[in-house]
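Fold and geometry: a report
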Amino acid sequence: MCGILGYFSNLKIKDSQLFKLKKAASYLKERGPDYLGTINGKNYFLSNSRLKIVSKKNYILPLYKHGKYISFSGEILNHRDLKNFLISKKYKFFTDTDTEVILSLYDYYGNKFVEYLEGFFSICIYDIKKNLVILTVDRVGNKAIFYNFSKGKILFSSQQSYMVRSGFLGFEINKKKIDESLVFGDVSGEETLHKNINKLLPGEILVYNFNKVKKSNYYNLINFVKNIDDQKKQDLNNSITNIHNVLKLNIDLWSNNCAYEKSVLLSGGVDSGIISMILSNKSKKLKSFTAKFLGDKDFRSLNEINEIDDLINKYNIKKNIINCSKSNLLKNINKLYNNFEEPLPSSSLLLQNLSKSINKNTGTRICFTGDGADEIFGGYSRHHIVNNQYKKDNNLDTIALGLNYLSVERLKKFFNKNFQIPDTRADFLRNLQSTSAINKILLYDIKYYLPMFLKSNEVVGMNSSIEFRSPFTDYKLIQESFMLKDEFKVFKSAGKFILKKIFANYLKKKFMKKRLFSVPYIAKEFRSGQFREFLLNLNNNSKISDYYSVQGIKKLLQDHTRTDHSNTLMRLLTLELFLQSKTK
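Here's what I pulled together on the structure shown here. Starting afresh in each chain, residues are numbered from 1 along the sequence in its written order. pLDDT decides what is reported in this predicted model: residues at 70 or higher carry local features, side-chain atom pairs at 80 or more are listed and counted, and totals for whole chains, interfaces and linings draw on all residues regardless. As a rule here, side-chain values come from all non-hydrogen atoms in the structure, and water together with hydrogens is ignored.

**A short note on the overall build of the protein**
Using the following cut-off: We count a stretch as a helix when DSSP gives it H or I for four or more residues in a row; a strand needs E for two or more, and each element gets its number in order from the N terminus. Each radius of gyration is computed over the set of C-alpha atoms, and the globule rule expresses the reference value as 2.2 Å times the number of residues to the power 0.38. The buried label goes to any residue with under 20% of its type's maximum accessible area, the exposed label to any with over 50%, and the partly exposed label to all in between, with areas taken from a 1.4 Å probe on protein chains only. Every residue pair with non-hydrogen atoms within 4.5 Å of one another is taken to be in contact. Residue burial considers only the protein chains on display, and all accessible areas are found by Shrake-Rupley using a 1.4 Å probe. His is not counted, nor are the chain ends, whereas Lys and Arg count as positive and Asp and Glu as negative. Charge positions come from single atoms, namely NZ of Lys, CZ of Arg, CG of Asp or CD of Glu.
Along the protein, the regular secondary structure elements total 25 helices and 17 strands. The C-alpha atoms of the protein give 23 Å as radius of gyration, which agrees with the globular expectation for 584 residues (25 Å, within 12%). Here the protein holds 584 residues, and the buried ones make up 61% of them. Summarising the internal contacts of the protein: among those between residues at least 6 apart in sequence, 71% fall at separations of at least 24. For the protein, the exposed surface amounts to about 24,600 Å²; the carbon and sulfur share of it is 47%. In the protein, the 92 positive side-chain charges and the 55 negative ones have mean positions that sit 4 Å from each other.

**Some remarks on the packing of helix 24 (residues 550–559) against helix 25 (residues 566–579)**
Going by this rule: Helix axes are fitted to C-alpha atoms over the stretch in contact, other axes to C-alpha atoms as well, and angles between N-to-C directions run from 0 to 180 degrees. Left-handed is the label given to a crossing in which the near helix is rotated counterclockwise from the far helix by less than a right angle, and right-handed is the label when the rotation is clockwise. Gly is placed with the polar residues, together with every amino acid not listed as nonpolar (Ala, Val, Leu, Ile, Met, Phe, Trp, Tyr, Cys and Pro) or charged (Asp, Glu, Lys and Arg).
Where helix 24 contacts helix 25, the two axes come as close as 10 Å, and the packing angle between them is 145°. Here helix 24 runs over helix 25; the crossing is left-handed. Seen from helix 24, the contacting residues are Ile553, Leu556 and Leu557; seen from helix 25, they are Thr568, Leu569 and Leu572. Here the contact of helix 24 with helix 25 is composed, by residue class, of 5 nonpolar, 1 polar and no charged.

**What to know about the sheet that holds strand 11 (residues 204–208)**
The line we're drawing: For two strands to pair, DSSP has to find at least two bridges joining them.
Ordered by their spatial adjacency, 6 strands build an open sheet running 4-5-6-7-11-12, and the pairing between neighbours is antiparallel. The open sheet has two free edges, formed respectively by strand 4 (63–65) and strand 12 (213–217), since each of these has just one partner strand. On average, each strand axis in the sheet is inclined to that of its neighbour by 20°, with strand direction left out of account. As judged from the 5 bridges shared by strand 11 and strand 12, these two strands associate in the antiparallel manner. Note on strand 12: the bridge partner recorded for Val207 is Lys214. The strands that helix 3 (residues 98–109) touches are strand 4, strand 5 (68–76), strand 6 (119–127) and strand 7 (132–137); relative to strand 5, the one it contacts most, it runs at about 120°.

**Some thoughts on the pattern of salt bridges**
Worth spelling out the cut-off: Any carboxyl oxygen of Asp or Glu within 4 Å of a side-chain nitrogen of Lys or Arg constitutes a salt bridge here.
In this structure the tally under the stated criterion is 27 salt bridges. Close ionic contact of Asp186 with Lys455 constitutes a salt bridge, the shortest N to O distance being 4.0 Å. Of the two residues, Asp186 sits in the loop between helix 5 (178–184) and strand 10 (198–199) while Lys455 sits in helix 19 (residues 437–462), which places them 269 residues apart along the sequence. Judged by relative accessible area, Asp186 falls into the buried class, the value being 13%. Arg469 serves as the salt-bridge partner of Glu467, at 2.6 Å between the closest nitrogen and oxygen. Across this residue pair, the class does not change: Glu467 and Arg469 are buried. In the salt-bridge network here, residues are joined through shared partners; they are Arg31, Lys143 and Glu458.

**Focus on the nonpolar core**
This is how it is decided: In this description, a nonpolar core means a group of buried Ala, Val, Leu, Ile, Met, Phe, Trp, Tyr and Cys residues linked to one another through side-chain atoms lying within 4.5 Å.
Counting 153 residues, the largest nonpolar core has Phe113, Leu247 and Tyr548 as its most contacted members. Looking at which element gives the most residues to this core, the answer is helix 19, with 13 residues. Setting aside residues no more than four positions away along its own chain, Leu247 makes contact with Ile274, Ile278, Phe472, Leu477, Leu499 and Ile502. Formed by 20 residues, the second largest nonpolar core is a distinct cluster that contains Ile13, Leu18, Phe45 and Phe340.

**Here's the deal with helix 2 (residues 79–88)**
Formally: Each direction from the helix axis to a C-beta atom contributes to the arc, which is the arc of those directions.
Along helix 2, the positions that sit buried rather than exposed are His79, Leu82 and Leu86. All buried residues of helix 2 lie within an arc of 60° about the axis, which places them on one face of the element. Away from its buried face by more than 90 degrees, helix 2 exposes Asp81 and Asn84. As for helix 2, its buried residues are in contact with strand 5 and helix 3. Where helix 2 ends, the next residue or the one after it, Lys90, has phi of about 75°, a positive value.

**Some points on the pairing of strand 3 (residues 44–50)**
Every other side chain in a regular strand lies on the same face of the sheet, so the side chains alternate between the two faces. Counting buried residues in strand 3 gives 7 out of 7 residues, a clear majority hidden from the surface. Neither face of strand 3 is open: one carries Tyr44, Leu46, Asn48 and Arg50, the other Phe45, Ser47 and Ser49, and all of them are buried. Of the pairings in the sheet, the one linking strand 1 (residues 2–8) to strand 3 comprises 7 bridges and is antiparallel in character. The residue of strand 3 that forms the bridge with Tyr7 is Phe45. Here strand 2 (residues 35–40) pairs with strand 3 via 6 bridges, running antiparallel. Within the sheet, the bridge partner assigned to Thr38 lies in strand 3 and is Ser47. Counting the residues between successive antiparallel strands, the hairpin from strand 2 to strand 3 contains 3 residues.

**Some words on the environment of Ser166**
Heads up, the condition is: The definition of a polar contact used here is a pair of N or O atoms within 3.5 Å, where within protein one atom must be able to donate a hydrogen and the other to accept one, and adjacent residues in sequence count solely through side-chain atom pairs.
Within the fold, Ser166 resides in the loop between helix 4 (160–165) and helix 5. Accessibility expressed as a relative area gives 5% for Ser166, which makes it buried. Each C-alpha atom, one on Ser166 and one on Tyr27, is 8.7 Å from the other, the two residues being 139 residues apart in sequence. Here Ser166 is in contact with Lys20, Lys23, Ala24 and Tyr27, once residues within four sequence places are set aside. Polar side-chain contacts of Ser166 include one of 3.0 Å to the backbone oxygen of Tyr162.

These results come straight from atomic positions and should not be treated as a statement about function.
Next up, the structure:
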């Protein structure tokens, strides 16, 4: 797990540019403290930091082979199989890294190399012989590449902030995307909240020839789903067996590439529970980390510590409890949001607290999560709500907005703004007309909702030197999930029906209705706490006043005393912090 940054130009790099590029590259140490390497020529600059995961040996990065350089972040989980294939083709290797395998695979297959990779990755290959730069990311969005292309030059990085903090790019706001960010918590398509920064989308590959860029898709989940023959979908028992077998193979694959002990973020839910039980058979020293919320009775009622005991004891997993108080969760809010990074979801506050504690107290580098299971197997209560509503009104806007229709109503009521669903989202759904209602909802979640949380895992984890792994985001498992009949996803009002059946194969348990889907303390903080004071102190000189009426924000805050508006209020607060970002 690492960080990457590069700049390629059709002109000679100026000394002033080189200084800023070196400054930007120095920030990569925040993601990979074990090593930072840089190469540069008259018109290129490429850097790669490293957090040791696969091997504890030292290597020079960016790695050079076959007349090509590579800067790489992530894990190629099937790299040993790929390496054996390449050896059969007379390729030789001088390291035990997946990085070297990628370069040889590119040398053999050209741009189609990425189709053979399994795992999570962001990759830059500089092909000196062909004078090309290739950028690509994984199929689901576990890893990211942000870039600026202007006047035949391209600058890219693992994180947006590095390009702006260094002064190489100015801090320019993409004003037309502010409302979308407030409604959905993220920006769809290739654009970001930075006017001058785009993102490479999951399953995309970009080729730069020192003049132009050309992007294409190497993977498209929709095409796979559209070609599924519903007549071949299996009955319940066979479906349970099949998904269970795929899960075991999947978790076995995702437990590769580990020179360090494994751990898991464990709640009382089915997702992390399944991962823990299967993973415990692969790792006899498996550690778990579970949050314990401190405070009044309402907060303590969210704890799931007692619900994991049977699992912990049966599968001999080492239990670690992390105390999460309101002060611990909120004290680093400026560091998380006031740093030129697009605002992350509020759940990042909890993840940040857990990550810092894990890193400080255990030094753990690899931690598994259950992220992705809800989006893929229909685990959210809104899936049931939206599915029923769409069947009544047959309106794609119902799916596009989900429960965010509340944010649209707030925009109108408190800010007198009409919101139109962006074409990126609307066009995506129109392309799904032939698919079932629940599959439309899940495909939409995988496209626009899941990557937002995976980005949080990536940014927050890397800044604590932790590689979060989410096996439910494996593209083969996702494909297999769409082979299920619709009724095996949202069964009556119960989500993740199949996963609960699989869980029961390991441990008999009655699942309680989950109460924690966001960070505790937030709603109360907007009624009487530091978040309320922060918004009350806004004035017409505040950055956010360029986009939203401060008077409207305060009216929304006042109305929060009787109706929960914490979702929109949190997005307003984090947007103001983002807009206040300053170069240090």
